[in-house]
Amino acid sequence: MRKGNTLTERNVDDLLDKLRGLFADITARDIMIKSVVTLTKDRTMWQAKELMRICKISGVPITDGNSQLEGIVSIEDIIVALEGNHITDPIEKHMTRNLVTFSPEMNLETLIERFNRYRYGRFPVVDSDGKLVGIISKKDIIGAILDKFRLIYVHDNRRREILEQSVDWFDKSLISGDYVEKTSADFVYHIDYTDVDTAGVGSAKLKSYLKTLTDDDTLIRRVSIACYEAEVNVVIHSGSEGYIFAWYDEDVTRVRVEDYGRGIENVEQAMKEGFSTASDHVRELGFGAGMGLPNMRRYSDKMVVVSEAGKGVVLEMHFYRNGRK
Amino acid sequence: MKLNDLVEMCGIRVITSLPLDTDISNAYIGDLLSDVMGNAPANSIWLTVQSHMNILAVASIVGARAIVLCNGLHFEESTVRKAEETGIVLLESDFTTFDIAVKLVKCGLGG
Ligand SMILES: Nc1ncnc2c1ncn2[C@@H]1O[C@H](COP(=O)(O)OP(=O)(O)OP(=O)(O)O)[C@@H](O)[C@H]1O
Ligand SMILES: [Mg+2]
């Protein structure tokens, strides 16, 4: 629907670069499963098979008493043992010893490259002392990527496009790209930034309104917490009036909070826990922990922030009926 | 636990003229509003040193039923009036936040 949206090769390269940037700081340590089920090599292949069946895993790392990684037993090893009729042998005789492992510091790009190169289903993560500290399967990698994608900063061309035509920015959904019919919103609240006392009142009203529509207390709580943080930010940071719009649907509740004020120069920095530019005056009132935007991310299922210095902030959040708890 | 019982057993002053028959199942301690917002459980009693009106929006959104202002501090008049409208019970105590927390636990809350 949007114009100028065809992907040229150049665009794709740009996009890939941006994605790489977005994922650059993810390491094996962030992705790995830390509670690894292990066996010692004096156990039998049969026991390994049973453990894999019960825990629904496709490989068991073999460690000594000090968590030193010695090998791995995979489904393939089990099949070979069954075929060769030595399933009752100790693991020591049949485990794979020649292991490809990850270090906790490896970045996502390297991890994906290793997965492609070696084609194993899972890799043990081993620290510099040879101690097993975790395990990573492809599923875990996809999980980490999806988690990161929940938070999309529109830093690509679309964002520039949106910023240049400020009309569009305030008229389009940041998440779906469609025009938003603000007049069709189920809930509208005008944020008065001149009165710190009333900061949060709009979100409390939204909470009461949602209560008339659903019994899902978790959803109501998530929506009103995230909305509160956005509302308060307009009051204490923007220096401008603002609006809360909300649309309720059985499957998804959408909230959009916008202001026309000071804006955020560096959205990525503002998203960091603990980052705050709050004045001493508002800090005395209990604001300024730098937890507002992180709370919004935590309680919403999808969140997009578009802002630039001097151009206000538009923030959109989606909350699914069966979303995060 | 009934708020009524907690207030009585812990010797906390009641500031608002609101009913005290609410059920309290948890407590949270915090002075940074967005920390409380992110972490306080519902149906809780909130221990703080913040007395400004903004605590009321926080309490009603996270579902804190009562706020205890500790360390001998006092709520502003406007906060009390607003609390009565919002239905959030305001309480005061001369004890420190920690001491109140200990008293609450001794009364059987949490743990
Ligand atoms: N609507 C806005 N207009 C201008 N700047 C904003 C806006 N929202 C956020 N910011 C900037 O982003 C920073 C981080 O916001 P965040 O809500 O995470 O923390 P905070 O508001 O400073 O503290 P807290 O929310 O914990 O009380 C703010 O300090 C401010 O610099
Ligand atoms: Mg904030």
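Residues take numbers from 1 onward in each chain, read along the sequence in its written order. For this description, chains carry letters from A and ligands carry numbers from 1, given in the order in which they are written. In keeping with the predicted nature of the model, local features appear solely for residues at pLDDT of at least 70, side-chain atom pairs appear and are counted solely at 80 or more, and the whole-chain, interface and lining totals rest on all residues.

Caption draft 1: Expanded view of the overall build of chain A. Regarding its fold elements, chain A presents 13 helices and nine strands. Note on burial: count the other C-beta atoms lying within 10 Å of the residue's C-beta; 20 or more is buried, 12 or fewer is exposed, in between is partly exposed, and C-beta positions come from the backbone. The buried share of chain A, taken over its 325 residues, is 34%. Contacts here follow a simple rule: the backbone-placed C-beta atoms of the two residues must lie within 7 Å. Contacts in chain A between residues at least 24 apart in sequence constitute 62% of all its contacts with a sequence separation of at least 6. Each helix is a run of H or I in the DSSP string that is no shorter than four residues. Each strand is a run of E no shorter than two, and both are numbered from the N terminus.

Caption draft 2: A look at the overall build of chain B. Counting secondary structure elements, chain B contains five helices and five strands. What you see in chain B, going N to C, is helices and strands ordered as α-β-β-α-β-α-β-α-β-α. The buried share of chain B, taken over its 111 residues, is 46%. For chain B, restricting intrachain contacts to residue pairs at least 6 apart in sequence, the fraction spanning at least 24 positions comes to 49%.

Caption draft 3: Local environment of the site of ligand 1. Around ligand 1, 25 residues are found, and the nearest of them are Asn233, Ala270, Ser276 and Gly292 of chain A together with Ser34 of chain B. Using a C-beta atom placed from the backbone for every residue, we mark a residue as near a molecule or strand if that atom lies within 6 Å of it. Neighbouring residues of ligand 1 are distributed over chains A and B. Those elements giving two or more residues to the shell around ligand 1 turn out to be α10 (217-238) and α13 (292-299) of chain A together with α2 (33-39) of chain B. The biggest single contributor to the shell around ligand 1 is α10 of chain A, with five residues. Any residue that is not Ala, Val, Leu, Ile, Met, Phe, Trp, Tyr, Cys, Pro, Asp, Glu, Lys or Arg is counted as polar, Gly included; the first ten are nonpolar and the last four charged. Of the residues that constitute the shell around ligand 1, the class distribution is 11 nonpolar, 11 polar and three charged.

Caption draft 4: Structural context of the confidence of the model for chain B. Residue and element names in this part refer to chain B. What pLDDT reports is the predictor's confidence in each residue, on a scale of 0 through 100. When pLDDT is averaged across chain B, the result is 95; 99% of the residues are at 70 or more. Mean pLDDT values for the elements of chain B range from 93 in helix α1 (residues 3-10) up to 98 in strand β5 (residues 89-92). Here the predicted complex scores 0.66 on pTM and 0.88 on ipTM.

Caption draft 5: Examining the interface of chain A and chain B more closely. Tallying the contact residues gives 21 residues for chain A and 17 residues for chain B. Elements with a minimum of two residues in the side of chain A that touches chain B: α9 (201-211), α10 and α13 of chain A. With five residues, the top contributor of residues to the side of chain A that touches chain B is α10 of chain A. The residue inventory of the side of chain A that touches chain B, partitioned by class, reads 10 nonpolar, six polar and five charged.

Caption draft 6: Representation of the pairing of strand β4 (residues 132-137) of chain A within the structure. All names here are of chain A. Here strand β3 (residues 122-126) pairs with β4 via five bridges, running antiparallel. When the bridges of β4 are listed, Val125 appears paired with Gly134. One requirement defines pairing of two strands: DSSP has to find at least two bridges between them. With antiparallel pairing between neighbouring strands as the criterion, β3 and β4 make up a hairpin whose turn holds five residues, including Gly130 at a positive phi of roughly 80 degrees.

Caption draft 7: Examining the nonpolar core more closely. Here, a nonpolar core means buried Ala, Val, Leu, Ile, Met, Phe, Trp, Tyr and Cys residues linked by C-beta atoms lying within 7 Å of one another. Residues Ala66, Ile67 and Val68 of chain B are the most contacted members of the largest nonpolar core, which totals 80 residues. In terms of residues, this core owes the most to one element, α10 of chain A, which gives 12 residues. Setting aside chain neighbours within four positions, we find Val68 of chain B in contact with Ile12, Ile45, Leu47, Leu91, Ser93 and Ile100 of chain B. Ranked by size, the runner-up nonpolar core spans 15 residues in total, among them Ala28, Val126, Leu132 and Ala144 of chain A.

Caption draft 8: Region of interest: the packing of α10 of chain A against α13 of chain A. All names here are of chain A. Between the N-to-C directions of two axes lies an angle of 0 to 180 degrees, each axis being a line fitted to C-alpha atoms and, for a helix, fitted only over the stretch in contact. Close contact between α10 and α13 brings their axes to 9 Å; oriented N to C, the two are set at 155 degrees. By the angle between their axes, α10 is roughly antiparallel relative to α13. Viewed along their axes, α10 and α13 form a crossing whose handedness is left-handed. Listed contacts from α13 to Arg222, Ile225, Ala226, Glu229, Ala230, Val232 and Asn233 of α10 are Gly292, Asn295, Met296 and Tyr299. Residue composition of the contact of α10 with α13, by class: six nonpolar, three polar and two charged. Oblique is the label for any angle not covered by the other classes, which are roughly parallel (under 35 degrees), roughly antiparallel (over 145) and roughly perpendicular (65 to 115). Each crossing gets its handedness from the near helix: less than a right angle anticlockwise from the far helix is left-handed, clockwise is right-handed.

Caption draft 9: Structural context of the sheet that holds strand β6 (residues 242-248) of chain A. Residue and element names in this part refer to chain A. Sheet architecture is open: five strands sit in the order β5-β6-β7-β9-β8, paired in antiparallel fashion. Two strands bound the open sheet, and with one partner strand each, they are β5 (187-191) and β8 (302-307). Strand-to-strand twist in this sheet, taken as the mean axis angle between neighbours without regard to direction, amounts to 10 degrees. Note: β6 against strand β7 (residues 252-259), seven bridges, orientation antiparallel. Opposite Tyr248, over in β7, you have Thr253 as the bridge partner. Strands in contact with α10 are β5, β6, β7 and β9 (313-320); relative to β7, the strand with the most contacts, it is inclined by about 5 degrees.

Caption draft 10: Examining helix α4 (residues 75-83) of chain A more closely. Residues and elements named next belong to chain A. The set of residues buried in α4 consists of Asp77, Ile78 and Ala81. Projected down its long axis, α4 carries its buried residues within an arc of 100 degrees, all on one side. Exposed side chains of α4 directed beyond 90 degrees from the buried face belong to Ile79 and Glu83. Where α4 is buried, its residues touch α3 (45-55) and β2 (69-74). The positive-phi residue at the C-terminal boundary of α4 is Asn85, with phi of around 65 degrees. Directions drawn from the helix axis to the C-beta atoms are what define this arc.

Caption draft 11: Molecular detail of the environment of Val201 of chain A. By the element assignment, Val201 of chain A lies in helix α9. Along the chain, Val201 of chain A and Tyr228 of chain A lie 27 residues apart, while their C-alpha atoms are 8.2 Å from each other.

Caption draft 12: How the structure looks around unusual backbone geometry. Residue and element names in this part refer to chain A. Here the phi dihedral of Ser67 falls at roughly 65 degrees; this positive angle occurs in a residue that is not glycine. By the secondary structure assignment, Ser67 is in the loop between β1 (59-63) and β2. Using a count of 16 C-beta atoms within 10 Å as the deciding quantity, one classes Ser67 as partly exposed. Of note in the backbone geometry, Asn85 takes a positive phi value of approximately 65 degrees without being a glycine. Secondary-structure assignment places Asn85 in the loop between α4 and α5 (108-118).

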